[in-house]
Amino acid sequence: MSQQPLNPYTLPADDNINPYTYCIELQKPWFMQKGRMIAYYGQMSFEALSRYSSMDAMVASRFSSPLYAHDWVVATGHGKLILGDRGYNINSYDLDDGNLTIRAANLLAFQTGLQLKQSIVPGFLTLIGTGKFVASSNGPVIFLEPPVRVDPQALVGWADCPSPSHHYDARWMQGFLAMASAAFGRESGEERQFDFTGAGTVLMQSSENVMEDPALLRTVQAQAEALSLPQMNTLAAALTRRSQQQY
């Protein structure tokens, strides 16, 4: 089946090309996760977030997450910027004086009218203000109203509602107390959920496969330096068991 080739004049502006690619009409700076640009038309530059950036003031005021700064760039210039994310579904969302927390690995790009902050929930980032952002998901996104409990692996984010609490199945709790190694992930997902209450919207992907987040590994590595040798041996043994369960 043939497909008519696209060009700068036929590509959409700030919209999907198909369910897996998105085209930004770049006129003002955008923050973008590294490795998500797959093509572009026009004149553009991609500047890493660093203290040597020529956009220090803007970056400092809009991007407040040192843990993830290594993984992001600022895209500037003019033209059509095409994003993709390993064949995952991609969608854009608009915040109007809103507050949305999203899994860091799913957030691909956002306009500089939004502020990004590091969530107190590990692996998540919070966007505040007014503007557009682009995110990916493993399968289509479903929107739910609280109160609801969501599998942690399926959770994409939540908007305008309090951070979730953990809910543990009673049988899992008994197993945890009997066997401390369960703390390293023996639950199936049905035994542990995120519990949302209050007003707002919960975003859930139609899959339990979580995207890899390199910043989480850096966090664990940094914290591991504070462990004693016996603690490191215990952690290594637990990780070995977890790895064996995965295969």
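Preceding this paragraph is the structure being described.
Some points on the nonpolar core
At step 1: With 25 residues, the main nonpolar core has F63, L107, F110 and F133 as its most contacted residues.
At step 2: When residues of this core are traced back to their parent elements, those giving at least two are helix 2 (66-69), strand 6 (72-84), strand 7 (89-103), strand 8 (107-111), strand 9 (114-118), strand 10 (124-137) and strand 13 (155-159).
At step 3: In this structure F133 touches N91, S92, Y93, L95, L100, I102, L107, A109, F110, L114 and L127, once residues within four positions along its chain are discounted.

Some details on unusual backbone geometry
At step 1: The step from P146 to P147 runs through a cis peptide bond, and the omega angle for that step is 0 degrees.
At step 2: As for its position among the elements, P147 is in the loop between strand 11 (141-144) and strand 12 (148-150).
At step 3: The phi dihedral of D14 is positive, around 55 degrees, even though this residue is not glycine.
At step 4: On the secondary structure map, D14 appears in the segment before strand 1 (15-18).
At step 5: On the basis of relative accessibility, which here comes to 27%, the residue D14 falls in the partly exposed class.
At step 6: Residue D160 is not a glycine yet carries a positive backbone phi of 55 degrees.
At step 7: Here D160 shows up in the loop between strand 13 and strand 14 (165-168).

What about the environment of G157?
At step 1: Mapping G157 onto the fold places it in strand 13.
At step 2: Remark: the alpha-carbon pair of G157 and I102, spanning 55 residues in sequence, is separated by 4.1 Å.
At step 3: Those residues in contact with G157 that sit more than four places away from it in its chain are T101, I102, V202 and L203.

Describing the pattern of salt bridges
Side-chain pairs of opposite charge can arise where the charged atoms are in close proximity.
At step 1: With the rule as written, the count across this model stands at five salt bridges.
At step 2: Between R36 and D85 there is a salt bridge, and its shortest N-O distance comes to 3.5 Å. One end of the pair, R36, is in the loop between strand 3 (30-33) and strand 4 (37-48); the other, D85, is in the loop between strand 6 and strand 7, and 49 residues separate them in sequence.
At step 3: Given a relative accessible area of 1%, D85 falls into the buried group.
At step 4: Residue D94 is joined to K132 by a salt bridge in which the shortest nitrogen-to-oxygen separation is 3.1 Å. Of this pair, D94 sits in strand 7 while K132 sits in strand 10; the two residues are 38 residues apart in sequence, bridging distant segments of the chain.
At step 5: Judged by its relative accessible area of 13%, K132 falls in the buried class.

Conventions adopted
Residues numbered from 1 in each chain as written. Predicted model: local features only at pLDDT ≥ 70, side-chain atom pairs only at ≥ 80, totals over all residues. Heavy atoms only, no water. Core = buried A, V, L, I, M, F, W, Y, C linked by side-chain atoms within 4.5 Å. Buried < 20%, exposed > 50% of the residue type's maximum accessible area, 1.4 Å probe, protein only. Helix = DSSP H or I, 4+ residues; strand = E, 2+ residues; numbered from the N terminus. Contact = heavy atoms within 4.5 Å. Salt bridge = Lys/Arg side-chain N within 4 Å of Asp/Glu carboxyl O.

Purely geometric numbers; function is a separate question.
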